[in-house]
Amino acid sequence: MQDIIQKFRPVLVQIATPYNMGGTGFFLQDLQLIVTNEHLVRDNREVIIEAENLPRQMAKIVYWDAYYDVALLKLDTAYELPEIKFREGDEPAAGDQVLAMGHPFGLRFSSTIGNLSNNRRKHEDFYYYQHDAALNPGNSGGPLVDKQGQIIGLNVLDLEEAQGLGFSLPAAFVLETINLYLAEERNEIAARCNSCRKVVFADQKETSYCPNCGAYLRLASESEAFEPVGTPYTIELLLAALDHDVRLARRGLNTWEIQEGSARILVSYHEDSGLITGDAHLCRLPQDQLGELYEYLLRENYEDDGLTFSVKGRDVILSILIYDRYLEVESGKKRFQHLFERADHYDNILVERFGAKWKYEDSAEE
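Quick caveat, the model's predicted, so the values are computed rather than measured.

**Description of the packing of aromatic side chains**
Aromatic ring pairs: the centre-centre distance and the angle between the two ring planes describe each pair. Counted according to the given criterion, the structure contains 18 aromatic pairs. Aromatic side chains F309 and Y346 sit 4.8 Å apart centroid to centroid with 75° between the ring planes, which places their arrangement in the edge-to-face category. You can see F309 sitting in strand β18 (residues 308-312) and its partner Y346 sitting in helix α7 (residues 329-354), a full 37 residues away along the chain. Residue class for F309 comes out buried when judged on its relative accessible area of 9%. Among the residues examined, Y346 registers a relative accessible area of 3% and is labelled buried. Taken together, the aromatic side chains of Y67, Y68, F126, Y127, Y128, Y129, F167 and F173 make up a single cluster linked through ring pairs.

Following this line, the structure appears as structure tokens:
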């Protein structure tokens, strides 16, 4: 399965929205579209995407089918990535080995191997593939692949009470909804009606209802643009003042991720406590020179009372802490700018001088 994993890694897309930490999608080279779950992108016009060979950017939601839980995203720029194929014709059988890939819990890439337990788990007037390849939150929207490297399904859900059983929408249903969207060759936003099952394009829709059957139907373009309020609004103002695109930084409600050089910083607002935290996970502890490294961290803690070093597990973290009642754009901008600059400074020192390990694979390349 290792060759299959390496083939799929570049096309596995990490998805995030202002409402959730994200999920997975996969890029279809021939169509220049990203396939994912509708429930991951619901209530959005566009979402944040990123992949191994795709820079972080906004992707427009051009089509969704809530009944099958399928959505299609489109990028502004064309990309050349490895081509992956759906399995068509014969279906996999119970007992076949399968591979599930995705970005669970907002992490970068994971793969799990299992077997099909049942290839016809009935659901309304269609069915799922049931399998035991472990799925976790964030795996939704990723591909289920057979041992020939063909996509046999779209991972849609995992039931906690089902003790690790996963469910995937068969490729036939994924292709059905994609082909219905592409059939009319329109470069427009559309949605598939839950009631009559017809695809409705933007220029056909004059009200909030399907023009064919009268059922309620909403297109992605009709979703309200996300607008933060209160403290999150202030946080986004100061991040924008530091030349960061807040749309690309959003990682769910009250969470933002900032890339500063080789450092990655997570900014969070905890409404219950009123605390705003900025945590830069700089690197992982080395096997040797721990005494020298700890001495260095303690000295730096003493020198800069605005920032704090800590160690969690094997991660070295540089942090700031602000109470929301004291947050203002100008003062907050200065403190976060200081954190961003020092995080990018310290991670290189810890790696180069003390032999620490890069926390993120891509940091070593920057």
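**Section: the pattern of salt bridges**
A full pass over the atoms with the stated rule returns 21 salt bridges. One salt bridge connects E52 with R9, and the closest N-O pair in it is separated by 3.3 Å. One end of the pair, E52, is in the loop between β4 (46-51) and β5 (54-65); the other, R9, is in the loop between α1 (2-8) and β1 (12-16), with 43 residues separating them in the sequence. Judged by relative accessible area, R9 falls into the partly exposed class, the value being 22%. When the shortest N-O distance is used, the salt bridge between E176 and R192 registers 2.7 Å. Of this pair, E176 sits in helix α3 (residues 171-182) while R192 sits in strand β13 (residues 190-192), and the two are 16 residues apart along the sequence. Judged by its relative accessible area of 30%, E176 falls in the partly exposed class. It is possible to trace a salt-bridge network through shared partners that takes in E50, R56, R251 and E257.

**Things to note about the side chain of N37**
Turning to its location among the elements, N37 is positioned in the loop between β3 (33-36) and α2 (38-41). Taking relative accessible area as the criterion, N37 reaches 0% and is therefore assigned buried. Apart from the residues lying within four places of it in its own chain, the contact partners of N37 are D69, V70, A71, S140, G141, L154, N155 and V156.

**Describing the state of the cysteines**
If you walk through the whole model with that rule in mind, you get zero disulfides. Unpaired in terms of disulfides, C213 finds its nearest cysteine sulfur in C193, a separation of 3.6 Å. Using a relative accessible area of 37% as the deciding quantity, one classes C213 as partly exposed.

**Structural notes on unusual backbone geometry**
Here the phi dihedral of D43 falls at roughly 70°; this positive angle occurs in a residue that is not glycine. Tracing the sequence through the fold places D43 in the loop between α2 and β4. Phi is positive for D243, which is not a glycine, with a value near 70°. By secondary structure assignment, the location of D243 is in the loop between α4 (231-241) and α5 (246-249). Assessed through its relative accessible area of 72%, D243 is described here as exposed.

**Comments concerning the nonpolar core**
Counting residues in hydrophobic clusters, the biggest one holds 72 residues, and the most contacted among them are I49 and L169. Not counting chain neighbours up to four residues away, the residues in contact with L169 comprise Y68, V70, F126, Y127, Y128, I152, G153, L154, V156 and V174. Counting 37 residues, the second largest nonpolar core, distinct from the first, contains L238, I258, I322 and F336.

**What about the side chain of D65?**
Considering the arrangement of structural elements, one finds D65 in strand β5. A polar atom in the side chain of D65 sits 3.1 Å from the side chain of R192. Other than its neighbours up to four places away in sequence, D65 contacts E38, V70, T177, R192 and R197.

So, how was this worked out
- Residues numbered from 1 in each chain as written.
- Predicted model: local features only at pLDDT ≥ 70, side-chain atom pairs only at ≥ 80, totals over all residues.
- Heavy atoms only, no water.
- Phe/Tyr/Trp six-rings, centres within 6.5 Å; stacked < 30°, edge-to-face > 60°.
- Helix = DSSP H or I, 4+ residues; strand = E, 2+ residues; numbered from the N terminus.
- Buried < 20%, exposed > 50% of the residue type's maximum accessible area, 1.4 Å probe, protein only.
- Salt bridge = Lys/Arg side-chain N within 4 Å of Asp/Glu carboxyl O.
- Contact = heavy atoms within 4.5 Å.
- Disulfide = S-S within 2.5 Å.
- Core = buried A, V, L, I, M, F, W, Y, C linked by side-chain atoms within 4.5 Å.
- Polar contact = N/O pair within 3.5 Å; in protein donor to acceptor, adjacent residues only side chain to side chain.

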